[in-house]
Amino acid sequence: MSVFPYEIKATDGEARSGVLKTPRGDIRTPAFMPVGTAATVKALYMDQVKSTGADIILGNTYHLMLRPTAERVKRLGGLHKFSTWQGPILTDSGGFQVWSLSKLRKMTEHGVTFQSHIDGSKHELTPERSIEIQADLLGADISMQLDECTNFPCPEAEARASMEMSLRWGQRSKDAFGTRDSQALFGIVQGSVFPELRRASAEGLRKIGFDGYAIGGLAVGEGIETMCDVLDFTVPHLPTERPRYLMGVGKPIDLVRSVARGVDMFDCVLPTRSGRHGQAWSDYGPLNVKRAEFIDDENPINADLDCPASRDYSLAYHNHLFKSGEYLSAMLLSWHNIAYFEDLMARIRDSITRGDYNNFCKDFESKWEQGEAARLERSAAAN
């Protein structure tokens with residue numbers, strides 16, 4: 001039995017709505033976790049993050065172990081105190097970031113050695129060291145096993161060898177984690193786009209036994225249709241009584257389609273990254289506030305969202321801030337985007353509870369296909 005009880009409150013087809021209970025607070029699922037890479041959700045205060053409805057944030061092992069170092073975070077009271085976020089925190093294992101540094105790393109059965117992108121210093125990350133950083137030094141509520149992410153596309157033989165090593169690393173991560181009263185550990189399913197490999201990975205992780213199960217190795221260029229196919233043949237092999245986490249995903253349409261396939265948790269840098277590049281998200285896709293057509297537009301981004309950044313500032317003002325290079329532009333747009341993603345999760349949970357998720361999906365797909373121009377036309381007509 002997991003240390004964090006998971007109660008599924010409603011289902012609609014494969015979609016689920018529930019609550020993952022942790023000592024630091026409940027996580028309502030489906031849940032979107034804002035990414036706090038370096039102990040901060042970029043451009044936001046933590047009370048702003050909380051005000052959007054976020055129950056949990058994500059921290060990054062790779063970046064924090066390099067700067068300011070996990071040992072320093074521990075001396076300063078742990079990641080919760082250091083960042084001032086008092087809710088649950090999930091940390092990634094560092095594996096994905098190390099994978100992305102292919103020219104700076106060397107992988108062996110023992111672990112991976114790599115050069116820091118900051119100063120070129122050499123570091124080693126093993127399953128045991130990753131767990132030490134996440135659970136013991138940062139003090140994460142949910143830690144992730146160390147795994148290896150494969151390239152896309154990838155030959156089946158290479159994907160098999162990587163998946164099998166990730167399974168062995170999963171066992172080592174579990175052994176290092178041991179039994180804890182107030183912290184959880186998730187395993188990560190690998191296997192690229194190959195159904196048999198995904199099945200073998202999921203079954204191997206279930207035998208080891210984890211508090212939750214993540215689906216890794218996606219959002220690496222495979223496209224949404226392939227991603228959905230992988231979910232279709234992976235999720236059925238995961239235990240129904242534990243949360244399922246799709247790592248690094250994604251656009252709003254990705255979230256809607258993944259929930260329909262039984263996924264419970266998500267994270268992505270997209271909301272804040274888009275905010276820094278002048279994009280505001282909606283059901284119709286991204287709105288580029290830097291476009292000239294908004295220079296005199298008095299409408300807000302979204303008057304229906306309970307977020308000051310969405311409701312209280314005109315598109316003309318957002319346009320001005322971005323073109324002027326003002327810091328406030330990234331702050332407001334990132335705040336809006338996180339608020340939008342959290343509101344989308346709330347609407348998804350409500351529709352599942354009502355037994356109406358299929359209609360929600362159809363309506364969302366229709367808006368997404370129409371695009372942002374249709375939203376602007378509706379907004380103009382309403383005024």
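Everything here concerns the structure above.
What comes next is a walk through the structure. Fair warning: this is a prediction, and the values are worked out from it, not measured in the lab.

Turning next to the packing of aromatic side chains. Under the defined criterion, the tally for this structure stands at nine aromatic pairs. A ring pair is formed by W281 and W368, whose centres lie 6.1 Å apart and whose planes are at 5°; its orientation type is stacked. With W281 in strand β15 (residues 279–282) and W368 in helix α15 (residues 357–370), this residue pair connects regions lying 87 residues apart in the sequence. A centroid spacing of 6.0 Å and a plane angle of 20° characterise the contact between F364 and W368, whose relative ring orientation is stacked. Residue F364 and its partner W368 are both found in helix α15; the two are separated by four residues, about one turn of the helix. Among the residues examined, F364 registers a relative accessible area of 2% and is labelled buried. Pairwise contacts between aromatic rings join W281, Y357, F360, F364 and W368 into one cluster. Over the ring of F210 we find K174, and its NZ or CZ is 5.9 Å from the ring centre. If you follow R180 out to its NZ or CZ, it ends over the ring of F177, 4.6 Å from the centre.

Right, let's get into the sheet that holds strand β8 (residues 112–115). Read across the open sheet, the three strands follow the order β7-β8-β9; overall the sheet is antiparallel. At either end of the open sheet lies a strand with only one pairing partner, and these are β7 (105–107) and β9 (122–125). Each strand axis lies, on average, 15° off the axis of its neighbour in the sheet, ignoring direction. Across three bridges, β7 lies against β8 in antiparallel orientation. Note on β8: the bridge partner recorded for K106 is T113.

We now examine the sheet that holds strand β3 (residues 25–29). Hydrogen bonding along the main chain pairs the strands of a sheet, whether they run parallel or antiparallel. A sheet is described by the order of its strands in space; here three strands give the open sequence β1-β2-β3, paired in antiparallel fashion. If you trace the sheet from one side to the other, it starts and ends with β1 (6–12) and β3, each paired once. Taken pair by pair, the neighbouring strands of this sheet meet at an average axis angle of 10°, ignoring direction.

Enumeration over the complete set of coordinates arrives at 24 salt bridges. Of the charged contacts, one joins R347 and D283 as a salt bridge, the two residues approaching to 2.9 Å between their closest N and O atoms. Of this pair, R347 sits in helix α14 (residues 327–354) while D283 sits in the loop between β15 and β16 (285–288), and the two are 64 residues apart along the sequence. R347 gets classed as partly exposed once you look at its relative accessible area, which sits at 25%. When salt bridges with common partners are traced through the structure, they connect D283, D343, R347, D363 and K367 into a single cluster.

Taken as a whole, the largest pocket spans an internal volume of roughly 960 Å³. Considering the residues around the largest pocket, the lining is formed by 40 residues, among which F96, G248, D267, C268 and V269 are closest to the centre. Of all the elements in the fold, those that place two or more residues in the lining of the largest pocket are β5 (57–60), α5 (95–100), α9 (224–234), β14 (265–268) and α11 (270–276). A per-element tally of the lining of the largest pocket places α11 first, with four residues. Taken together, the residues of the lining of the largest pocket break down into 16 nonpolar, 15 polar and nine charged.

The topology assignment puts S130 in helix α6 (residues 127–138). Linking S130 and G111, residues 19 residues apart in sequence, is a C-alpha distance of 9.9 Å. For S130, the contacting residues outside a window of four places in its chain are S93, L125, M144 and L146. A distance of 2.9 Å separates the side chain of S130 from the side chain of Q134, its partner in a polar contact.

Our next topic: the nonpolar core. The tendency in soluble globular proteins is for nonpolar side chains to be buried as a group. Formed by 49 residues in total, the largest nonpolar core has its most connected members in L246, L344, I348 and Y357. With six residues, the top contributor of residues to this core is α14. In contact with I348, not counting residues within four places along its chain, are P30, V256, V259, Y357 and F360. Among the nonpolar cores identified, the runner-up in size contains 34 residues, and M65, L66, C307 and L321 belong to it.

What counts and how
- Residues numbered from 1 in each chain as written.
- Predicted model: local features only at pLDDT ≥ 70, side-chain atom pairs only at ≥ 80, totals over all residues.
- Heavy atoms only, no water.
- Phe/Tyr/Trp six-rings, centres within 6.5 Å; stacked < 30°, edge-to-face > 60°.
- Helix = DSSP H or I, 4+ residues; strand = E, 2+ residues; numbered from the N terminus.
- Buried < 20%, exposed > 50% of the residue type's maximum accessible area, 1.4 Å probe, protein only.
- Lys NZ or Arg CZ within 6 Å of the ring centre and 35° of its normal.
- Pairing = 2+ DSSP bridges.
- Axes fitted to C-alpha atoms, helices over the stretch in contact; angles between N-to-C directions.
- Salt bridge = Lys/Arg side-chain N within 4 Å of Asp/Glu carboxyl O.
- 1 Å grid on protein atoms, 1.4 Å probe; cavity = no way out; pocket = protein on both sides within 12 Å on 5 of 7 lines; lining within 4 Å.
- Points joined across faces, edges and corners; volume = space filled by probe spheres on them.
- Nonpolar A, V, L, I, M, F, W, Y, C, P; charged D, E, K, R; others polar.
- Contact = heavy atoms within 4.5 Å.
- Polar contact = N/O pair within 3.5 Å; in protein donor to acceptor, adjacent residues only side chain to side chain.
- Core = buried A, V, L, I, M, F, W, Y, C linked by side-chain atoms within 4.5 Å.

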